[in-house]
Amino acid sequence: MTSREQILGRVRRALADVPKDDTAYDQAVSRDYLRQHGDRTVEETVDLLAENLADYRAVVHRADAEELPYLIMRLLAERGSQYVLVPPGLPPEWMSAADPTRVHDRAASTPQDLDKVQSVVTGCAVAIAETGTIVLDGAPDQGRRRITLVPDHHICVVRVPDQVVSSVPQALERLDPARPLTWISGPSATSDIELDRVEGVHGPRTLEVVLVSGE
């Protein structure tokens, strides 16, 4: 008897006296939990998102649709980014004022190719105010997951208020679990046993979030 067979046998014996439950999954778990913490206006929800993003050490900017291209141009210029990765469905007007060399994601691109890119600009699927989290789902304006994990600088544009929700349950209602979801709360960071924080270990060292209104 293999180890696998032994383990499965123990599981079957442990479950032998458990009554069979044919309740459908969507009915088996109670969904009457709190949907969000407190009542907020749209403006208060966006402000809470900005506050929690900043608390996670993301750099938060605000702009309207007209200002957005010039803000992106300034952010890239301040970084000195000459090579910028753009997903295939990024709205062209977002980059209309910036003039770096645009690198397009290709299946043949290696991690070494992506590591040479200095910045990446994307949209997002949804942003969660209570947790300061932005979620990417691989849509055309966000591209594949790897393009937001390898470059050191990520500019993420969030349309407000349309893409902002208060809570995680509200965000899940908007997301397709079959898509490649990336949940981002601030720049990539980790701490060792002595709690020395190191950023940029498994993702961008710098995350800049632009809350754009009027789109």
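Going by the structure above, here's the rest.
Residue positions within a chain follow its written sequence, with the count starting from 1. Local features are withheld for residues below a pLDDT of 70 in this predicted model, meaning they are given only at 70 or higher, and side-chain atom pairs are given and counted only at 80 or more; totals for whole chains, interfaces and linings count all residues. As a rule here, side-chain values cover all heavy atoms of the structure and leave hydrogens and water aside.

**Remarks on the overall build of the protein chain**
To qualify as a helix, a DSSP run of H or I must reach at least 4 residues; to qualify as a strand, a run of E must reach at least 2; elements of each kind are numbered from the N terminus. When you go through the protein chain residue by residue, the secondary structure sums to six helices and twelve strands. Radius of gyration: C-alpha atoms only; globule rule: 2.2 Å multiplied by the number of residues to the exponent 0.38. Relative to the compact-globule value of 17 Å for 215 residues, the protein chain shows a C-alpha radius of gyration of 21 Å, a clear excess of over 25%. To sort residues, take the accessible area from a 1.4 Å probe on protein chains only and compare it with the maximum for the residue type: under 20% means buried, over 50% means exposed, and anything in between is partly exposed. In the protein chain, which comprises 215 residues, the proportion classed as buried is 40%. Residue contacts follow a heavy-atom distance rule, with two residues in contact if any of their heavy atoms lie within 4.5 Å. Pairs at least 24 residues apart make up 71% of the contacts formed inside the protein chain by residues separated by at least 6 positions. For the protein chain, the separation between the mean place of its 23 positive charges and that of its 34 negative charges on side chains is 9 Å. The charged-residue count follows a simple rule in which Lys and Arg add positive charge and Asp and Glu add negative charge, with His and chain termini not counted at all. Charge placement uses NZ in Lys and CZ in Arg. For Asp and Glu, CG and CD serve respectively.

**Re a nonpolar patch on the surface**
Only residues whose relative accessible area exceeds 30% and that form no salt bridge enter a patch; like-charged residues are grouped when within 9 Å of one another, and nonpolar side chains (Val, Leu, Ile, Met, Phe, Trp, Tyr) when within 5 Å. Exposure was quantified through the Shrake-Rupley algorithm and a 1.4 Å probe, taking into account, for residues, occlusion by the shown protein chains and nothing else. In what follows, salt bridge is the name for a side-chain nitrogen of Lys or Arg lying within 4 Å of a carboxyl oxygen of Asp or Glu. On the surface, I7, V11, L15 and V18 cluster together to form a nonpolar patch covering roughly 350 Å² of accessible area. Relative to the helices and strands, L15 resides in the loop between α1 (3-14) and α2 (25-28).

**What about the sheet that holds strand β5 (residues 126-128)?**
By definition, two strands form a pair when at least two bridges between them are found by DSSP. Strands sit in the order β8-β5-β6-β9 across an open sheet of four strands; the sheet is mixed. Only two strands of the sheet have a single partner each, and these edge strands are β8 (164-165) and β9 (182-184). The pairing of strand β6 (residues 133-136) with β9 spans three bridges and is antiparallel. Residue pairing across strands places L136 opposite T182, the latter belonging to β9.

**Details of the sheet that holds strand β4 (residues 119-122)**
Here six strands make up an open sheet; going across it, the order is β1-β12-β7-β4-β2-β3 and the pairing parallel. Strand pairing shows two members of the sheet lacking a second neighbour, β1 (59-64) and β3 (101-104), which therefore form its edges. With strand direction ignored, the average angle separating the axes of adjacent strands in the sheet is 25 degrees. Geometry is summarised by axes, namely lines fitted to C-alpha atoms with helices restricted to the contacting stretch, and by angles between N-to-C directions that run from 0 to 180 degrees. Against the sheet, helix α4 (residues 68-79) touches β1, β2 (83-86), β4, β7 (153-160) and β12 (206-213), its axis set at about 150 degrees to β1.

**Regarding the pairing of β4**
Side chains of β4 alternate between two faces, with S119 and V121 and V120 and T122 buried alike. Note: β2 against β4, two bridges, orientation parallel. Residue pairing in the sheet places V84 in a bridge with S119 of β4. As defined by bridge partners, β4 adjoins β7 across three bridges and the pair is classed as parallel. Counterpart to V121 in the pairing with β7 is I155.

**Comments concerning the side chain of H153**
The topology assignment puts H153 in strand β7. Distance and chemistry together define a polar contact, namely a pair of N or O atoms within 3.5 Å, with one atom able to donate a hydrogen and the other to accept it when in protein, and with adjacent residues in sequence counting only for side-chain atoms on both sides. Among the polar contacts listed, one links the side chain of H153 to the side chain of S119, at a separation of 2.7 Å.

**Digging into the pairing of β2**
As judged from the four bridges shared by β2 and β3, these two strands associate in the parallel manner. Residue pairing in the sheet places V84 in a bridge with R102 of β3.

**So, the environment of L172**
Topologically, L172 is positioned in helix α6 (residues 168-174). Under the relative-accessibility criterion, L172 is labelled partly exposed at 49%. Taking C-alpha positions, L172 is 22 Å from R146, a pair spaced 26 residues apart along the chain.

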